[in-house]
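Here is what each chain is made of, one letter per residue.
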Amino acid sequence: MKHKGAILILSGPSGAGKSSLYKILAKEFPNHYFSISSTTRSKREGEVEGVHYHFIDKATFECGIQKGEFLEWAEVHGNYYGTSKKQVLEALNEDKLVIFDIDVQGQANLKKSFPNHTTSVFITTPSKSILSQRLKGRGSDNAEVIEKRLENALDEVKNLANFDYLILNENLEDSAKKLICIAKSAFCKASLYEIQPFLQNWEK
Ligand code: ADP
Ligand code: 5GP
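All of these numbers come straight from a predicted model, not from anything done at the bench. In this convention, every chain numbers its residues from 1, walking through the sequence in written order. To label them, take the chains in the order written and letter them from A, then take the ligands in the order written and number them from 1. At least 70 in pLDDT is required for a residue's local features to be given in this predicted model, at least 80 for side-chain atom pairs to be given and counted, and no such filter applies to totals for whole chains, interfaces and linings, which use all residues. Water and hydrogen atoms play no part in the side-chain values, which are based on all heavy atoms of the structure.

Enquirer: Give me unusual backbone geometry: which residues, what numbers.
Expert: Of note in the backbone geometry, H77 takes a positive phi value of approximately 50 degrees without being a glycine. Within the fold, H77 resides in the loop between β5 (70-76) and β6 (79-84). With phi around 65 degrees, D95 is a residue other than glycine that occupies positive phi space. With respect to the secondary-structure elements, D95 resides in the loop between α3 (85-93) and β7 (97-101). Think of it in three bands: residues with accessible area under 20% of the maximum for their type are buried, residues over 50% are exposed, and the middle band is partly exposed, with areas taken using a 1.4 Å probe on protein chains only. In this structure D95 comes out as partly exposed when scored by relative accessible area, which is 32%. Working definition: helices are DSSP H or I runs of at least four residues, strands are E runs of at least two. Numbering for both runs from the N terminus.

Here it is in structure tokens:
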């Protein structure tokens, strides 16, 4: 009577703090699965194959698209990114909270595919200038890449109204507390229940 699993999508401009917040959330939710995307972008220092992403080349990615291996995919900042279908469906079937760090196109697509399961959170900095400081402070991208990400940030923020929640990530600990509350409520959504079987069981 209950749909199995729930989906929590984290989206927002690059540098807003999605990965930092996910790391804190992960400790609070052992019963979760983080969807490891595939990407054609190059690996950053400290990133590990199969942990942060599956790093694949363009031809392999395009082959995956043809074979229907992705639940959703998009071109973001000039690279391909996609969500693997198999692992996500397995995790939902195991009644896990499936967490995604995906862009606004991916959020729109997943929300369409899983309207009953999905809770989405838009995470951003209080301003573009703080985003710029964070991207520069992270030190993982060169000036050209940072410029491109900042240019794209405004277009991403324009999608805010498509999300259930907004976290303005000023203080990391405060933001993490908010995200933990949202994750807990993602598992209590009325839409996770199918009404007819629920009523049959309730009337017993
Ligand atoms: P994203 O995953 O959204 O691209 P990251 O989690 O990598 O962003 O964060 C970008 C940078 O900002 C990192 O260097 C991170 O340590 C830092 N950061 C994240 N949240 C905060 C915060 N609330 N205050 C200050 N710095 C932060
Ligand atoms: P980054 O290169 O900073 O890791 O990620 C760049 C952007 O791609 C971020 O907005 C991130 O959320 C998004 N992204 C990562 N994986 C996926 C995915 O599988 N699908 C989509 N649509 N976006 C993704």
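Enquirer: Describe the packing of helix α5 (residues 128-138) against helix α6 (residues 143-157), naming the residues involved and giving the relevant values.
Expert: Orientation is described by axes fitted as lines to C-alpha atoms, over the contacting stretch for helices, and by angles from 0 to 180 degrees between their N-to-C directions. Packing of α5 against α6 leaves a shortest axis separation of 10 Å and a crossing angle of 150 degrees. Between α5 and α6, the interaxial angle falls into the category roughly antiparallel. Taken as a pair, α5 and α6 cross one another with a handedness that is right-handed. Contacts from K128, L131, S132, L135, K136 and R138 in α5 reach I146, R149, L150 and A153 in α6. Residues of the contact of α5 with α6, tallied by class, amount to five nonpolar, one polar and four charged. These descriptions rest on fixed angle ranges, namely under 35 degrees for roughly parallel, over 145 for roughly antiparallel, 65 to 115 for roughly perpendicular, and the rest for oblique. The sense of a crossing depends on the near helix, which, turned anticlockwise from the far helix by less than a right angle, makes the crossing left-handed and, turned clockwise, makes it right-handed. By definition, residues are in contact when any of their heavy atoms lie within 4.5 Å. Just so you know the grouping, Ala, Val, Leu, Ile, Met, Phe, Trp, Tyr, Cys and Pro go in nonpolar, Asp, Glu, Lys and Arg go in charged, and all remaining residues, Gly too, go in polar.

Enquirer: Give a detailed account of the site of ligand 1, specifying residues and quantitative values.
Expert: Throughout, near means a residue has at least one heavy atom within 4 Å of the molecule or strand. Looking at ligand 1, there are 14 residues lining it, with G15, K18, S19, S20 and R138 nearest. One of the side-chain N or O atoms of R138 is found 2.8 Å from an oxygen atom in ligand 1. Between N or O atoms, a polar contact is any pair within 3.5 Å; within protein, one atom must be a potential hydrogen donor and the other a potential acceptor, and residues adjacent in sequence are included only when both atoms are from side chains. Within the backbone of E170, one N or O atom sits 3.0 Å away from a nitrogen atom of ligand 1. Computed with the Shrake-Rupley method and a 1.4 Å probe, the accessible areas treat only the protein chains shown as cover for residues. Alone, ligand 1 offers 570 Å² of accessible surface; in the complex the protein occludes 74% of this. Breaking the shell around ligand 1 down by element, the ones donating at least two residues are α1 (18-28) and α5. The residue makeup of the shell around ligand 1, split by class, is three nonpolar, seven polar and four charged.

Enquirer: Please provide a residue-by-residue account of a nonpolar patch on the surface, values included.
Expert: Taken together, the side chains of Y193, I195, F198, L199 and W202 make up a nonpolar region of the molecular surface, amounting to roughly 520 Å² of accessible area. By secondary structure assignment, the location of F198 is in helix α8 (residues 195-203). Note on F198: relative accessible area 32%, which makes it partly exposed. Each patch is assembled from residues with relative accessible area greater than 30% and no salt bridge, linking like charges that lie within 9 Å and nonpolar side chains (Val, Leu, Ile, Met, Phe, Trp, Tyr) that lie within 5 Å. We define a salt bridge as a contact between a side-chain nitrogen of Lys or Arg and a carboxyl oxygen of Asp or Glu at a distance within 4 Å.

Enquirer: Lay out the sheet that holds strand β4 (residues 54-55) with the relevant residues and their values.
Expert: Two strands qualify as a pair provided that DSSP identifies no fewer than 2 bridges between them. Spatially, the four strands line up as an open sheet ordered β4-β3-β6-β5, and their pairing is mixed. Whereas interior strands pair on both sides, the edge strands pair on one side only; in this sheet they are β4 and β5. As paired strands, strand β3 (residues 38-39) and β4 are joined by two bridges and run parallel to one another. Among the inter-strand pairings, T39 is bridged to a residue of β4, identified as F55.

Enquirer: Requested: an account of the nonpolar core, with residues and values cited.
Expert: If you look at the biggest cluster of nonpolar residues, it comprises 27 residues, and the most contacted ones within it are L8, L10, L25, L97, I99, V121 and L179. Looking at this core, the elements that each hand over two or more residues are β1 (6-11), α1, β7, β8 (118-124), α5, α6 and α7 (172-186). Excluding its chain neighbours within four sequence positions, the residues that come into contact with L97 are A6, I7, L8, F29, N31, H32, Y33, A183, A186 and F187. The next biggest cluster of nonpolar side chains, apart from the first, holds ten residues, and it includes I9, V88, F100 and L110. Side-chain atoms within 4.5 Å link the members of a nonpolar core, which is a set of buried Ala, Val, Leu, Ile, Met, Phe, Trp, Tyr and Cys residues.

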